[in-house]
Amino acid sequence: MTQVSLTTFWVALGCYLAGMVAYFVYLAVRREAVYRVANTLAWIGLIAQLVSVIARAFAAHRVPWGNMYEYSVMSALIVVGAELIFVEWRAKVKTVGGFALAYAVFTMAIATMFFYRGPEPLQPVLDSVWLKIHVFAMIAGSSMLILGSGVVVPLYLWKRWREGKQAPAVEVSGSGEDAAAPEEGAPADLTSDEVHGGAPRRGILPSSDVLDRVAAQIITIGFFIFTFAVIAGAIWAERAWGRYWNWDPKETWSFVSWVIFASYLHARSTVAWKGKRAAIIALAGFAALMITYYWVNLGSASLHSYAGLPQ
Amino acid sequence: MLSTVRQALSIAWRSLRTMRTALLLLLLMSLAAIAGSLIPQEGASDLAIERIKIAHPLRHSVYSSLGLFDVYGSWWFTLIYVLLLISLVACLIPRTRGFLRAVRSAPTSAPDLGALRAHAVAPVDDATPEAALLRARTILRRRGFRVRRVDNAGVPQLAARKGTAREGGSLLFHWALLLILVGVVWGRGAGFTGVVAIVEGDTWVEAHANYQTNIREGRFFNEDHSNISLRVDDFTAAYRSSGMPEAFITTGELFDPQGRSLGQVQIQPNHPAVAHGVRFYQNAYGYAPLVVVTAGDGRTLSDAPVDLEQARDLPGAPPVDARTKPWNGIVRLPSLRPQVAVRLQMLPDAQAAAVGAPAVTAADPVMLFWVYEGDLGLSSMKPINETDLSSMREIGSGFVPMGESDTVQVPGIEGAEGTLTVGFPELREYTVLQVVRDRGIAIMLVAALCILGGLFTALGSTRRRVWVQASTVGSDTVLEAGGYALQRRAQFDEQFVTLFAALAPHTESS
């Protein structure tokens, strides 16, 4: 089973790598056939990785999210899965895949180079049903937030910047999504980014407000799951340590990330802050998540340091 | 002067009421929390603080005076916290009032449907406007709208709205957040957290004095300890061959203050024991060998388990694997003249220690001991293991494997009759339990559920308003609809098209 898990891991990594290249080629040549190849590779990689994770669970006789290697693998799985489902299938945006796969490849490469450990049982303090719930929700929530804030939002900002440069050439349409509703009595958007609407699309990426909307949708779902994960973690901490909140570095940084993404959601519903400013807040949230994952796990004296790294 | 103060206060109050202030305070709180995660905190990393004190005395004193070693207990953190509480309340009360008013108020008519963001007109097959409205009402209801009939300057109109839950959920979420802040203060303030070591076979009563000094009681705690007791029968620690811990189990029995049994308990990580609102958590463990000290004439001078501890890592030195460190303790014999202390050092696995390997189990316990004479310094009330031996004089030493004893000559000690014999008949363990009472747990749980429920409703629903009216133009019945959305407007545009297609089949919206 360990061998199955390892083999499929490498199959998945290979598919993601090839898929990433194909997506980028698609961005350059914009041929539907190339996109179909890229999309198929991503799906094959996803299935291989799913097999890898399940095989790992059987090899270790427990849920496959007990140390940093497994967490990284799960995170890559969910980022790719959510991208395929929410961005490509539901929102019909075909241009984000390469960047999501790049994140997955990066995460998996780091996992296998630095964090790998064979399947083994858990420490007693980790052996709890709340662990299963808390850690899984945390992986799912933070992976969604990463997809939204670390993959889609940067593309949104880039696209906005491109549109800003092209703005004079594009017909300005008043029927854009963000045109002020009668209730808000808002002036026309001051940042003058409403240059999409029925106008023909320019450049490769879909119009910036589509990306904005997709990012917000993914971050909203991620935020809800993340909130649940923090609560489940508090319940677990109460069972394991007798304190539901201890300002442990990881708890602190989860709180920081939570506050930043809460600010993002508030900013998006505020006229003056939606768009670019909200996107920059989301980028800060992405940074906080990365710090939580890499710095707190590896560099700080935290009760959450269960990375289980090779000694 | 007075009016200036009043003005300043009113400005402060008004700015506290804005959402931006609340968010700013939250961000400020997370900045403070980041500081707390970067700088070592009291209680969590005392050793690191000690290191800073040695290496950078100035930085240590600056941090210390700013409360940076205890961020979460500092006055400025509390200030942010209290301001956040006030700001949330100030935000929420007017919003809640507005929400309740909006829920109770009758829906208004829309005089000019054509002016709305989404608008469509089309002829329908219904014979009368009345029939068309009746049909429209059913369709709107089926799509989750709350529909009311209103009067638009003589023309009957349907006013439909959906998504009141969004604001309701958002309010629930924010009130629950407030409840969390209150629950934290109340739970910590009215409860306590203590740590206690109990040797196998001993019974411990939950009362203030029995924590020695290892207890933190909240500000509103009124000394009503439970007085329940716990008898520890056994402690087991098991490790896998790889050295990874497998299980830590304290087995015992709980008794109420009258001595009636509350049942057997097994305390393990993730499985605390609970009685009378007090929880016992498995925290750590250690060795407590039974040590018997006898005088030259066979009189027993001391016969009790001795709690042994491992030396803390030194500041500045790299950390040492705890399983390679010896266990240290002291037996005090104050009745002898001069007074005598026996310093003990135990190795749980002598064979492992001989080759420098970590001791995973107490496979081959041996004890080294040193006898000191002098003043025990009993008046200073220090814990036994912190007895100051530097002012005493070493007069002998010995070596005892478990089950045996060793005798040293101690001439000149009054009451020892020439020799002291140290016996080590049995190795027991002590379990370290964390004892906690937090009365805020139920509040927190309710608040957490409300947070999730509120968030789900708020993020999942969207506010839409739609009006429909029908009129007769010539021989045709014409249906007119208009509406707008407060969230996800692009999505609403599509929904409006499909909605109107259902209201007026075979037509297209304008």
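Residues numbered from 1 in each chain as written. Chains lettered and ligands numbered in written order. Predicted model: local features only at pLDDT ≥ 70, side-chain atom pairs only at ≥ 80, totals over all residues. Heavy atoms only, no water.

Caption draft 1: Looking closely at the overall build of chain B. The number of helices and strands found in chain B is 10 helices and 21 strands. The C-alpha atoms of chain B give a radius of gyration of 37 Å, which is well past the 24 Å a tight globule of 510 residues would have. With the C-alpha coordinates of chain B rotated into their principal frame, the extents come out at 130 × 60 × 50 Å. Within chain B, the proportion of its 510 residues that are buried is 44%. The contacts of chain B with a sequence gap of at least 6 include a subset with a gap of at least 24, amounting to 63%. Only carbon and sulfur atoms are counted for the fraction: they give 58% of the accessible area of chain B, which is about 25,600 Å². Put simply, chain B has 47 plus and 46 minus side-chain charges, and the middle of one group is 19 Å from the middle of the other. (Helix = DSSP H or I, 4+ residues; strand = E, 2+ residues; numbered from the N terminus. Rg over C-alpha atoms; globule rule 2.2 N^0.38 Å. Buried < 20%, exposed > 50% of the residue type's maximum accessible area, 1.4 Å probe, protein only. Contact = heavy atoms within 4.5 Å. Areas by Shrake-Rupley, 256 points an atom, 1.4 Å probe, with all protein chains shown as cover. Lys, Arg positive; Asp, Glu negative; His and termini not counted. Charge placed at Lys NZ, Arg CZ, Asp CG, Glu CD.)

Caption draft 2: The overall build of chain A, seen in detail. Check the secondary structure of chain A and you find eight helices and zero strands. Element order for chain A, N to C, with α for helix and β for strand: α-α-α-α-α-α-α-α. The burial tally for chain A puts 59% of its 311 residues in the buried class. The contacts in chain A between residues at least 6 apart in sequence include a share of 82% that link residues at least 24 apart. For chain A, the exposed surface amounts to about 12,600 Å²; the carbon and sulfur share of it is 67%.

Caption draft 3: Layout of the nonpolar core. Membership of the largest hydrophobic core comes to 136 residues, with the highest contact counts inside it found for A:F223 and A:Y264. If near-sequence neighbours (up to four positions away) are discounted, A:Y264 is found in contact with A:D212, A:A215, A:A216, A:I219, A:A278, A:A279, A:I281 and A:A282. Listed in part, the 29 residues of the second largest apolar core include B:V291, B:W327, B:V410 and B:L420. (Core = buried A, V, L, I, M, F, W, Y, C linked by side-chain atoms within 4.5 Å.)

Caption draft 4: Layout of the sheet that holds strand β16 (residues 366-374) of chain B. Residue and element names in this part refer to chain B. Read from one edge of the open sheet, five strands run β13-β14-β15-β16-β17, paired in antiparallel fashion. Across the chains shown, the open sheet's two edge strands, defined by having one partner strand only, are β13 (309-310) and β17 (393-401). Sheet topology note: the β13/strand β14 (residues 327-333) ladder contains two bridges and is antiparallel. Its bridge partner lying in β14, E309 is registered against N328. (Pairing = 2+ DSSP bridges.)

Caption draft 5: Quick peek at the environment of B:R146. Residue position: B:R146 is located in strand β2 (residues 146-152). With residues up to four places along the chain from it excluded, the contact list for B:R146 reads B:V103, B:A159, B:A160, B:R161 and B:T164.

Caption draft 6: Expanded view of the packing of helix α2 (residues 19-38) of chain B against helix α5 (residues 75-104) of chain B. Residues and elements named next belong to chain B. Between α2 and α5, the shortest axis-to-axis distance is 9 Å and the interhelical angle comes to 155°. Taken as axis vectors, α2 and α5 run roughly antiparallel relative to one another. Remark: the crossing between α2 and α5 carries left-handed chirality. Of α5, the residues touching α2 (which contributes M19, T21, A22, L25, L26, L28, M29, A32 and A33) are W76, F77, I80, Y81, L83, L84, S87 and C91. Split into classes, the residues belonging to the contact of α2 with α5 amount to 15 nonpolar, two polar and no charged. (Axes fitted to C-alpha atoms, helices over the stretch in contact; angles between N-to-C directions. Parallel < 35°, antiparallel > 145°, perpendicular 65-115°, else oblique. Left-handed = near helix turned anticlockwise from the far one by under 90°. Nonpolar A, V, L, I, M, F, W, Y, C, P; charged D, E, K, R; others polar.)

Caption draft 7: Quick peek at the pattern of salt bridges. Across all of its chains, the model carries 18 salt bridges over all chains by this definition. A salt bridge links B:D297 to B:R299, with the shortest nitrogen-to-oxygen separation between them at 3.1 Å. A relative accessible area of 38% places B:R299 in the partly exposed class. Each member of the salt-bridge network shares a partner with another, and the members are A:R56, A:R62 and A:E70. (Salt bridge = Lys/Arg side-chain N within 4 Å of Asp/Glu carboxyl O.)

Caption draft 8: Geometry of the interface of chain B and chain A. Between chain B and chain A, the residue contacts involve 50 residues of the former and 49 residues of the latter. Interface area lost by chain B to chain A is led by B:N270, B:L452 and B:R489, which between them contribute 16%. Where chain B touches chain A, the interface holds one salt bridge. With a shortest N-O distance of 3.6 Å, A:E238 and B:R279 are connected by a salt bridge. At the boundary of chain B with chain A, the tally comes to six residue pairs in polar contact (both at pLDDT 80 or more). The greatest single-element share of the side of chain B that touches chain A, amounting to 10 residues, is contributed by α2(B). Counted by class, the side of chain B that touches chain A contains 34 nonpolar, seven polar and nine charged residues. (Buried area = accessible area lost by both parts, 1.4 Å probe. Polar contact = N/O pair within 3.5 Å; in protein donor to acceptor, adjacent residues only side chain to side chain.)

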